[in-house]
Amino acid sequence: EVQLVESGGGLVQPGGSLRLSCAASGFTFSSYAMSWYRQTPGKERELVARISSSGGGTNYADFVKGRFTISRDNALKMVYLQMNTLKPEDTAKYYCNAMRFSDLDRREVPISNTWGHGTQVTVSS
């Protein structure tokens, strides 16, 4: 089964940095694009960043562009999110997931409806 374990979150002051990690197992990691999502209680889970299966291509939501960097290590089956210049509005629980193209939805979606526990990022002074 797909397993995703996020770590690296914590409390940081505005302008600070954090590096999140996601350990993946239960699927052929190198065959899938990976994404980071975030969610605040009462809000929809939103896509933050995406990286292609090879790591050669990345995409970012406008609200993190220029501040966050997604990367991956296929040998270690890990994906990372380097977060710089953090803002209070970045406060959320962050999740990773593998991505696939859904013929039904006609868009890229997570490969599994199962999510990890996420890692909490709190940006506050």
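Residues numbered from 1 in each chain as written. Predicted model: local features only at pLDDT ≥ 70, side-chain atom pairs only at ≥ 80, totals over all residues. Heavy atoms only, no water.

(A) Quick peek at the overall build of the chain. Broken down by element type, the chain carries 0 helices and 11 strands. Of the regular secondary structure in the chain, the N- to C-terminal order runs β-β-β-β-β-β-β-β-β-β-β. For 125 residues, the compact-globule estimate of 2.2 N^0.38 gives 14 Å, and the C-alpha radius of gyration of the chain, at 14 Å, lies within 12% of that figure. Its C-alpha atoms give the chain principal-axis dimensions of about 45 × 30 × 25 Å. Counting over 125 residues, the chain shows a buried share of 40%. Counting contacts in the chain only where the partners sit at least 6 residues apart, residues at least 24 apart contribute 54% of the total. (Helix = DSSP H or I, 4+ residues; strand = E, 2+ residues; numbered from the N terminus. Rg over C-alpha atoms; globule rule 2.2 N^0.38 Å. Buried < 20%, exposed > 50% of the residue type's maximum accessible area, 1.4 Å probe, protein only. Contact = heavy atoms within 4.5 Å.)

(B) Structural view of the nonpolar core. Met34, Trp36, Leu81, Met83 and Tyr94 are the most contacted members of the largest nonpolar core, which has 28 residues in total. Elements that contribute at least two residues to this core include exactly strand 3 (18-25), strand 4 (33-39), strand 5 (46-51), strand 7 (68-73), strand 8 (78-83), strand 9 (92-102) and strand 11 (119-123). (Core = buried A, V, L, I, M, F, W, Y, C linked by side-chain atoms within 4.5 Å.)

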